[in-house]
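Here is how the chains run, residue by residue.
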Amino acid sequence: MFIEQGIKTENHFWKYIVGSIIIILASSIGQLPLVFAVSYDRLDENESIGSLSQSLMNQFEPNLTLFLMLISFVVAMVGIYFVVTKLHHQTFLSVTTSRKSVDWKRIFFSFGLWALFTIITTLISYQMNPADYIWNFKPIPFAILVLISVVLLPFQTSTEEYIFRGYLMQGFANLAKNKWFPLLMTSLIFGGLHAANPEVAKMGNIIFVYYIGTGLFLGIITLMDEGMELALGFHAANNLVSALLVTSDWTAFQTHSILKDIAEPEAGLDVILPVIVVYPILLYIFSKKYNWTNWKEKLTGKIVKIDTHNTFNTAK
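Residues numbered from 1 in each chain as written. Predicted model: local features only at pLDDT ≥ 70, side-chain atom pairs only at ≥ 80, totals over all residues. Heavy atoms only, no water.

Asks: Residues and numbers for the pattern of salt bridges, please.
Replies: For the structure shown, the criterion picks out 7 salt bridges. For the salt bridge of Lys-179 with Glu-4, the shortest nitrogen-to-oxygen distance reads 3.5 Å. Linking Lys-179 in the loop between α6 (139-176) and α7 (180-192) with Glu-4 in the segment before α1 (13-30), this pair joins segments that are 175 residues apart in sequence. Judged by its relative accessible area of 6%, Lys-179 is buried. The salt bridge involving Asp-103 is made with Arg-106; its shortest N-O contact spans 2.7 Å. With a relative accessible area of 13%, Arg-106 lands in the buried category. Among the charged side chains, a salt-bridge network with shared partners connects Arg-99, Asp-103, Arg-106, Asp-225 and Glu-229. (Salt bridge = Lys/Arg side-chain N within 4 Å of Asp/Glu carboxyl O. Helix = DSSP H or I, 4+ residues; strand = E, 2+ residues; numbered from the N terminus. Buried < 20%, exposed > 50% of the residue type's maximum accessible area, 1.4 Å probe, protein only.)

Asks: Now, about α1: what can you tell me, with residues and values included?
Replies: With 18 residues, α1 should cover 26 Å at 1.5 Å per step; its first-to-last C-alpha distance of 26 Å lies within 8% of that length. Every buried residue belonging to α1 is among Lys-15, Tyr-16, Gly-19, Ile-23, Ala-26, Ser-27 and Gly-30, and all of these are buried. One side of α1 carries all its buried residues, which in axial view fall inside an arc of 115 degrees. More than 90 degrees from the buried face of α1, the exposed residues found are Ile-24 and Ile-29. (Expected span 1.5 Å × (residues − 1). Arc of directions from axis to C-beta.)

Asks: Please give an account of the packing of helix α9 (residues 207-225) against helix α11 (residues 269-290) that cites residues and values.
Replies: It is the contact of α9 with α11, at a shortest axis distance of 9 Å, that shows an interaxial angle of 10 degrees. It follows from the interaxial angle that α9 and α11 lie roughly parallel. Together, Ile-207, Val-209, Tyr-210, Gly-213, Thr-214, Phe-217, Ile-220, Ile-221 and Asp-225 of α9 and Val-271, Ile-272, Pro-274, Val-275, Tyr-279, Leu-282, Leu-283, Phe-286 and Tyr-290 of α11 make up the contact between the two elements. For the contact of α9 with α11, a count of residues per class yields 15 nonpolar, 2 polar and 1 charged. (Axes fitted to C-alpha atoms, helices over the stretch in contact; angles between N-to-C directions. Parallel < 35°, antiparallel > 145°, perpendicular 65-115°, else oblique. Contact = heavy atoms within 4.5 Å. Nonpolar A, V, L, I, M, F, W, Y, C, P; charged D, E, K, R; others polar.)

Asks: Go over the side chain of Ser-158 with me, naming the residues and quoting the values.
Replies: By the secondary structure assignment, Ser-158 is in helix α6. Under the relative-accessibility criterion, Ser-158 is labelled buried at 17%. Engagement of the side chain of Ser-158 in a polar contact is seen with the backbone oxygen of Pro-154, the distance being 2.7 Å. Sequence-distant contacts of Ser-158, that is, excluding residues within four places in its chain, are made with Met-77 and Leu-232. (Polar contact = N/O pair within 3.5 Å; in protein donor to acceptor, adjacent residues only side chain to side chain.)

Asks: So what's going on with the side chain of His-194? Residues and values would help.
Replies: The topology assignment puts His-194 in the loop between α7 and α8 (198-203). The buried category is assigned to His-194, whose relative accessible area is 15%. Separated by 2.7 Å, the side chain of His-194 and the backbone oxygen of Phe-190 make a polar contact.

Asks: Please give an account of the nonpolar core that cites residues and values.
Replies: Within the largest apolar cluster, 36 residues are counted, with the highest numbers of intra-cluster contacts made by Ile-207, Phe-217, Ile-221, Leu-282, Phe-286 and Trp-292. Elements with a contribution of two residues or more to this core: α5 (104-128), α6, α8, α9, α10 (229-245) and α11. When residues of this core are assigned to their parent elements, the largest contribution, 10 residues, is made by α9. If we ignore the near neighbours within four places in the chain, the residues touching Trp-292 are Ile-221, Met-224, Asp-225, Leu-230, Leu-283, Phe-286 and Ser-287. With 20 residues, the next largest nonpolar core counts Ile-80, Phe-92, Ile-163 and Tyr-167 among its residues. (Core = buried A, V, L, I, M, F, W, Y, C linked by side-chain atoms within 4.5 Å.)

Asks: Go over the packing of aromatic side chains with me, naming the residues and quoting the values.
Replies: What the rule picks out here adds up to 24 aromatic pairs. Among the aromatic side chains, those forming a connected cluster through ring pairs are Phe-13, Tyr-16, Tyr-167, Phe-172, Trp-180 and Phe-181. The ring of Phe-190 carries the charged tip of Arg-165 above its face, separated from the ring centre by 4.4 Å. Lys-289 extends its terminal NZ or CZ atom over the ring of Phe-109, reaching a point 4.7 Å from the ring centre. (Phe/Tyr/Trp six-rings, centres within 6.5 Å; stacked < 30°, edge-to-face > 60°. Lys NZ or Arg CZ within 6 Å of the ring centre and 35° of its normal.)

Asks: Residues and numbers for the confidence of the model for the protein, please.
Replies: Detailed reading of the predicted coordinates is not advisable wherever pLDDT is low. This prediction gives the protein a mean pLDDT of 88; 90% of its residues lie at or above 70. Low confidence marks residues 43-53, where pLDDT is under 50. Its contacts with residues over four positions away, or in another chain, come to 7 contacts. Across residues 307-316, where pLDDT falls below 50, the model places 22 contacts with residues more than four positions away in sequence or in other chains. (pLDDT = per-residue confidence, 0-100.)

Asks: A description of the layout of surface pockets should follow, citing residues and the corresponding values.
Replies: Reported here for the second largest pocket is a volume of approximately 440 Å³. Around the second largest pocket, the lining comprises 19 residues; the ones closest to its centre are Trp-104, Ile-107, Pro-154, Ser-158 and Leu-232. Sorting the residues of the lining of the second largest pocket by element identifies α5, α6 and α10 as the ones contributing at least two each. Here the residues of the lining of the second largest pocket are counted per class, giving 14 nonpolar, 5 polar and no charged. (1 Å grid on protein atoms, 1.4 Å probe; cavity = no way out; pocket = protein on both sides within 12 Å on 5 of 7 lines; lining within 4 Å. Points joined across faces, edges and corners; volume = space filled by probe spheres on them.)

Asks: Mind laying out empty space enclosed by the protein, listing which residues take part and the relevant values?
Replies: One pass over the full model with this rule turns up 1 cavity of 30 Å³ or more. There is about 30 Å³ of room inside the largest cavity. Lining the largest cavity are Ile-3, Glu-4, Lys-179, Leu-223, Glu-226 and Lys-298. Of the residues contributing to the lining of the largest cavity, the split by class is 2 nonpolar, no polar and 4 charged.

Spelled out as structure tokens, the structure:
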């Protein structure tokens, strides 16, 4: 009953609009260190938006850039906590899971599964196309990268999950009183917000199949599992392993990773394959491990309104 935990009479949809604005403002405050750094070392004012984004990635030392970028998510997480507990008067657990406490075993299982898959497929790609990669490993910068990534990247991935699979999922459920609309809307918005990523400029709009498809996958596992644990683990593994393993000159994160991809990017099977093959396999694995049933009801069913102050925060 995860999505139902946000259904209350006083949870009018305007509160979610106000809450979203507060979260955006918190994130903007968190971006001030990066803004000040850019102001100190100004970029060419005549640059286009696309080249501006690329110049920003190359303006500072990669570890410093990554650190400055990730700070905003720490502040945004504080904003989410404030909005959930003070504006909506919910527990933070209620936008995390329907269980009595966070199931860390689920998080670690999902993290390990996707991390292992990412490492294996990267190694296969490296063995099959060694000319597409160069060795980028430098011990000290890499050690600093590991520290920054382990400490701060989970804030970035968790912030996105709490916004889309937690806060907005319950918000759209309050509006529509069904489950398919929150699933669809959060997936579309999640994909759309990646429009500024440099990957879009390099690979074209076809990349949105991957972004929206990933959002849909994360929404499905959240609704089917009645909590965000699997989504939190998957998202953390995806960004953390990618940041440590492979970088390139055209991705959103430029890091001191072990390898650097120097191949010319092109949208091919690597964009479509995860959505139509890999994600369905993961859904099958999760469904068997956690005994998921009643898919139609959990993904598209109507929501029965529960408006009891006394039982609202009692997770199942």
